[in-house]
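Structural features, examined
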Amino acid sequence: MLIGGSEAHGRQPGRVNAPGERRPEPGVTVPAAVEVGLLADRALRDRAVGQVVAMFERSLYAVIDGIWICVGRTGIGSGPLHVVGDFRWPGLAVGDPVRVADSILWIGATPFANLATRSVWAPPAVPNWSISSLRRGLDAVDEVWVGGLIAEGLAAVGSAHAPSDTSALVRAAMPGLAALERVLAGADDDADREPGLASLIGLGPGLTPSGDDLIGGALIALATFGRNESRDALWDRCRMLLDGTNDISRMHLRAAALGYGAAALHAAIHTTMSGETAGVRGAVTALAAIGHTSGLDAFAGGLIVLRHALCQR
């Protein structure tokens, strides 16, 4: 990999400046990239080139040397693909060139960030946990994982008890959820598993559909528990189905298959595992700020894995 894009861009040996690119004028301060995710960092090498492929209010996506990165303002939070800082991008557009030269990230003809001063984000180490701490954490989650918070997307499926009044989206996800449970149980039923998981890939509206977010959360939770065999079994089936979703969601799923996701998701999983009850409400609140339902949908996938781990033990 690492993160595949719709089009790869090769490096240009010996290249220093592209047409229209200018070195920063003396005295001009280039904004520092406050933080770079560990996967994005692998792309941001001198002479790497690419282009902007999508733009949004607080972030843009680029493919650089075949690796996807997300450049965004600090409010988007930390993540494996993120380049986060106090950025502004007036006049930028999809198709603008992206390059790294002399440790400066250029977008279009603008020196965007000084990568020499970057810090690299990676998920923190898995905390100490036990069955009792996990049970304590899940009990604390259950106190807040109710009502309007989980009314949209697939968040409700992370509840301790099946919702009595399911939405059409949840009903559409049922075959995939059953297939996920079979993967977690180690069932070797390939003939039934793929069609079920296909009902989750691309399911729901949004930049990253709810079904994709849920699978991503499950992959990350499995990696956190060290259940790599189950993670790989789930990913082996899902990666054959990725044509059913969009480029950006595929890229996030590939990162999740490596065990990497939004910092807020890692924090929520770790807080629950370690039974830090005082931090659960804040962790869930941080997830609710990610997308429309993306953070909550991802944690729902993580909760399925956490609850399964508790039952196993």
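Structure report, in brief. (Residues numbered from 1 in each chain as written. Predicted model: local features only at pLDDT ≥ 70, side-chain atom pairs only at ≥ 80, totals over all residues. Heavy atoms only, no water.)

**Notes on the overall build of the protein chain**
Regarding its fold elements, the protein chain presents 10 helices and nine strands. Each of the 313 residues in the protein chain was classed as buried or not, and the buried ones make up 53%. Contacts in the protein chain between residues far apart in sequence, at least 24 positions, make up 70% of those at least 6 positions apart. A total of about 13400 Å² of accessible surface is found on the protein chain, and carbon and sulfur atoms cover 51% of it. (Helix = DSSP H or I, 4+ residues; strand = E, 2+ residues; numbered from the N terminus. Buried < 20%, exposed > 50% of the residue type's maximum accessible area, 1.4 Å probe, protein only. Contact = heavy atoms within 4.5 Å. Areas by Shrake-Rupley, 256 points an atom, 1.4 Å probe, with all protein chains shown as cover.)

**A closer look at the side chain of Arg250**
Structurally, Arg250 can be placed in helix 7 (residues 247-257). You can call Arg250 buried: its relative accessible area is 15%. In this structure, Arg250 is in contact with Leu242, Asp243 and Thr245, ignoring residues within four places of it in sequence.

**Section: the pattern of salt bridges**
Overall, the coordinates contain seven salt bridges when judged by the stated rule. Asp41 is the partner of Arg45 in a salt bridge, and the nearest nitrogen-oxygen pair spans 3.8 Å. For Asp41, a relative accessible area of 11% corresponds to the buried category. For the salt bridge of Arg250 with Asp247, the shortest nitrogen-to-oxygen distance reads 2.1 Å. Here Asp247 and Arg250 lie together in helix 7, a separation of three residues that amounts to about one turn. (Salt bridge = Lys/Arg side-chain N within 4 Å of Asp/Glu carboxyl O.)

**Points about the sheet that holds strand 8 (residues 110-114)**
Across the sheet, which stays open at both edges, the nine strands sit in the order 8-7-6-2-3-4-5-1-9 with mixed pairing between neighbours. For this open sheet the edge positions go to strand 8 and strand 9 (120-121), each flanked by a neighbour on one side alone. Here four bridges tie strand 4 (residues 67-73) to strand 5 (residues 82-85), and the two strands are oriented parallel to one another. Pairing of Arg73 across the sheet is with Gly85, part of strand 5. (Pairing = 2+ DSSP bridges.)

**Things to note about the nonpolar core**
Ranked by size, the top nonpolar core spans 57 residues in total, and within it Trp145, Leu154, Leu214, Leu234, Phe299 and Leu306 carry the most contacts. Contributions of two or more residues to this core are made by helix 2 (131-144), helix 3 (168-184), helix 5 (210-225), helix 6 (228-238), helix 7, helix 8 (263-273), helix 9 (277-288) and helix 10 (294-312). Looking at this core, the element that brings in the most residues is helix 10, giving nine residues. Every residue in contact with Leu214, bar those within four places of it in the chain, is listed here: Leu154, Val157, Leu177, Leu180, Leu200, Asp297, Ala298, Ala300, Gly301 and Ile304. Ala40, Leu44, Ile64 and Ile107 belong to the second-largest nonpolar core, a separate cluster that totals 23 residues. (Core = buried A, V, L, I, M, F, W, Y, C linked by side-chain atoms within 4.5 Å.)

**Considering unusual backbone geometry**
Look at Arg47: it is not a glycine, yet its phi comes out positive at around 75°. Here Arg47 falls in the partly exposed class, since its relative accessible area comes to 40%. If you check the backbone angles, Ser103 has positive phi at about 65° while not being a glycine. Secondary-structure assignment places Ser103 in the loop between strand 6 (97-101) and strand 7 (104-107).

**Description of the side chain of Thr224**
Along the chain, the position of Thr224 falls in helix 5. Here the side chain of Thr224 touches Ile220 through a polar contact of 2.8 Å, landing on its backbone oxygen. (Polar contact = N/O pair within 3.5 Å; in protein donor to acceptor, adjacent residues only side chain to side chain.)

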